[in-house]
Amino acid sequence: MTTRTHDVYTHGHHESVLRSHRWRTAENSAGYLLPVLVPGQRLLDVGCGPGTVTVDLASRVAPGEVVGVDRSAAVLAVATEHAAEKGAANVRFEVGDAYALEFEDDTFDVVHAHQVLQHLTDPVAALREMRRVTRPGGVVAVRDADYAGMTWYPAHPGLDEWQALYHEVTQANGAEADAGRRLLSWVRQAGFDPAGVAPGAGVWCYATPEDRTWWASLWADRCVASNFAVQAMGHHLADEVALELLADAWREWGTSPDGWFMVPHGEVLARA
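Residues numbered from 1 in each chain as written. Predicted model: local features only at pLDDT ≥ 70, side-chain atom pairs only at ≥ 80, totals over all residues. Heavy atoms only, no water.

The protein is annotated in an unreviewed UniProt entry as Methyltransferase domain-containing protein from Cellulomonas xiejunii.

Chemist: Whenever I open this one, the overall build of the protein confuses me. Can you help?
Modeler: Looking only at helices and strands, the protein features 10 helices and eight strands. Here the C-alpha atoms of the protein give a radius of gyration of 18 Å, agreeing with the 19 Å that 2.2 N^0.38 yields for 272 residues. Across its three principal directions, the C-alpha atoms of the protein cover 50 × 35 × 35 Å. Across the 272 residues in the protein, those meeting the buried criterion constitute 56%. (Helix = DSSP H or I, 4+ residues; strand = E, 2+ residues; numbered from the N terminus. Rg over C-alpha atoms; globule rule 2.2 N^0.38 Å. Buried < 20%, exposed > 50% of the residue type's maximum accessible area, 1.4 Å probe, protein only.)

Chemist: Would you take a moment to explain helix α9 (residues 227-234) for this structure?
Modeler: Since the α-helix packs 3.6 residues into each turn, any two residues three or four apart lie on the same face. Taken as a whole, α9 has its buried residues at Phe228, Ala229, Gln231 and Ala232. An end-on view of α9 places all buried positions within 165 degrees of arc, on one side of the element. Opposite the packed face of α9, turned more than 90 degrees from it, sit the exposed residues Val230 and Gly234. Each element contacted by the buried residues of α9 is listed here: α6 (157-173), α8 (209-225) and α10 (240-254). The positive-phi residue at the C-terminal boundary of α9 is histidine 236, with phi of around 60 degrees. (Arc of directions from axis to C-beta. Contact = heavy atoms within 4.5 Å.)

Chemist: I would appreciate a short explanation of the layout of surface pockets in the present structure.
Modeler: To locate leftover empty space, one rolls a probe as large as a water molecule over the atoms. Quantified by volume, the largest pocket comes out at close to 530 Å³. Listed by contribution, the elements that provide at least two residues to the lining of the largest pocket are β1 (43-46), α3 (52-61), β2 (66-70) and β4 (108-114). The residue makeup of the lining of the largest pocket, split by class, is 11 nonpolar, 13 polar and seven charged. (1 Å grid on protein atoms, 1.4 Å probe; cavity = no way out; pocket = protein on both sides within 12 Å on 5 of 7 lines; lining within 4 Å. Points joined across faces, edges and corners; volume = space filled by probe spheres on them. Nonpolar A, V, L, I, M, F, W, Y, C, P; charged D, E, K, R; others polar.)

Chemist: So what exactly am I meant to see when it comes to the UniProt feature "domain: Methyltransferase" (unreviewed entry) in the protein here?
Modeler: Mapped onto the present numbering, the UniProt feature "domain: Methyltransferase" (unreviewed entry) falls on residues 39-170. With 36% helix and 27% strand, residues 39-170 has its two end C-alpha atoms placed 38 Å apart. (UniProt positions renumbered as here; feature names shortened; annotations may be inferred.)

Chemist: What is the right way to read empty space enclosed by the protein from this model?
Modeler: Applying the stated criterion across every chain, the model contains one cavity of 30 Å³ or more. As a volume, the largest cavity reaches approximately 130 Å³. Along the walls of the largest cavity sit 16 residues, with His11, Arg24, Tyr147, Trp204 and Arg222 positioned nearest its centre. Listing elements by their share of the lining of the largest cavity, those giving two or more residues are α1 (15-23) and α8. Per element, the largest residue contribution to the lining of the largest cavity is three residues, and it comes from α8. Residue classes in the lining of the largest cavity are distributed as eight nonpolar, six polar and two charged.

Chemist: Mind showing me how you'd approach the pattern of salt bridges here?
Modeler: Charged atoms that come close allow side chains of opposite charge to pair. Summed over all chains, the structure comprises 14 salt bridges. Ionic pairing is found between arginine 132 and aspartate 105, a salt bridge with its closest N-O pair at 2.7 Å. In this pair, arginine 132 is assigned in helix α5 (residues 123-132) and aspartate 105 in the loop between β3 (91-95) and β4, connecting sequence segments 27 residues apart. Looking at aspartate 105, the relative accessible area reads 46%, which means it is partly exposed. With a closest N to O distance of 2.3 Å, arginine 135 and aspartate 109 form a salt bridge. Taken together, the residues arginine 135 in strand β5 (residues 134-145) and aspartate 109 in strand β4 connect sequence positions 26 residues apart. Arginine 135 gets classed as partly exposed once you look at its relative accessible area, which sits at 32%. (Salt bridge = Lys/Arg side-chain N within 4 Å of Asp/Glu carboxyl O.)

See the structure below:
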């Protein structure tokens, strides 16, 4: 395995991050892919994290085999437990590298990656590798957020500062926070036939009292306790006081009854 050690996962796997990842389902995070899925397909989920989306996708292609790969053995243990709880017998999880997938050419009908390319220093190389393991006529499906496109109400200078700092951290990591708008370009650079590429977009919106409180709370915790905080300090972009102020800003925004937050995503289905 040829893991690129200079690639850094901006979020890490702190509880505040997994709290967000466990919320994700096939419906709210891979809806653009669902019409393509049929029973019996073999599917690979790259960067599967705690496996909630993976297990949901597995239910749609059963009895087809589903493999989830992630470079964190610890988060794969969480995914394995989740699959067991859901009785998903057609899923297995392996430690893997998006740049060097340990599968033969033309192995999968569908290769899926959600919120992965934004963290890579060479997303085009990863897309080429995903294409390699997809059978001719199969589908590579990628979806990524776009941080500059995120918008919220009411305005809050603390959230403006958070957004700017997030971009600074990802730039220092050699990654691209605004991946969503670049997916089509990256897929084309990776050599996919444009005639078989279907680009689009989707959103998450947090506006109900419950959703708003949940979203604000998890980002307040991320600002002080996740890898994002560690990296911000490690790159000398913020100190503990500044990060605490960002956490306070998130909590304050979360108390507004008018609070509304939208996360845009680029989405691409690409035929191999």
